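Next come the chains, spelled out residue by residue.
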Amino acid sequence: MVELFTTGPARVLGKERKLALGEPADLTIFSLDRSWTYSVSDSASKSRNSPFDGHTFQGGPAATIVAGKIVYKH
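A.B. asks: Before we go on, may I ask you to explain the overall build of the chain in this structure?
C.D. replies: For the chain, the count of helices and strands is two helices and three strands. Its helices and strands taken in sequence order, the chain reads α-α-β-β-β from the N to the C terminus. Relative to the compact-globule value of 11 Å for 74 residues, the chain shows a C-alpha radius of gyration of 15 Å, a clear excess of over 25%. Taking the principal axes of its C-alpha atoms as reference, the chain extends roughly 40 × 25 × 25 Å. Counting across all 74 residues of the chain, residues that qualify as buried make up 12%. Sequence-distant contacts in the chain: of pairs separated by 6 or more residues, those separated by 24 or more amount to 49%. About 6300 Å² of surface is accessible on the chain, with carbon and sulfur atoms providing 61% of the total.

In C-alpha cells form, the structure reads like this:
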C-alpha cells in the first residue's frame, strides 16, 4: 500500500529521487483521530458533482512538509 501511494506515482511521473542523509524530505503526517467532512464548495476541483459531498471521513492529513518547510497544518 505504501509503495502504491509513495514511490509508485513518483516513478510513473519520472520524479523519483533518492533521499540522502541531511536532505529535506517531503512528507504528510496522517492522523487517524481526525474527522472531517468533504464539501464540494471548499474543494479545489473544478468539478461540482461528487458523491462524497457532505460525507464525513475518519482520518486525514494533519500536516504536510515540502522541502523541509511546513506547507499545511490542520
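A.B. asks: I'm lost on the layout of surface pockets in this one. Help?
C.D. replies: Picture a little ball the size of a water molecule; that probe, rolled over the atoms, points out where space is still empty. Put simply, the largest pocket is a space of about 320 Å³. As for the largest pocket, its lining consists of ten residues, of which Thr6, Thr7, Ala10, Arg17 and Asp26 are closest to the centre. For the second largest pocket, the calculated volume is near 200 Å³. Taken together, Asp26, Leu27, Thr28 and Phe30 form the lining of the second largest pocket.

How each quantity is defined
- Residues numbered from 1 in each chain as written.
- Predicted model: local features only at pLDDT ≥ 70, side-chain atom pairs only at ≥ 80, totals over all residues.
- Heavy atoms only, no water.
- Helix = DSSP H or I, 4+ residues; strand = E, 2+ residues; numbered from the N terminus.
- Rg over C-alpha atoms; globule rule 2.2 N^0.38 Å.
- Buried < 20%, exposed > 50% of the residue type's maximum accessible area, 1.4 Å probe, protein only.
- Contact = heavy atoms within 4.5 Å.
- Areas by Shrake-Rupley, 256 points an atom, 1.4 Å probe, with all protein chains shown as cover.
- 1 Å grid on protein atoms, 1.4 Å probe; cavity = no way out; pocket = protein on both sides within 12 Å on 5 of 7 lines; lining within 4 Å.
- Points joined across faces, edges and corners; volume = space filled by probe spheres on them.

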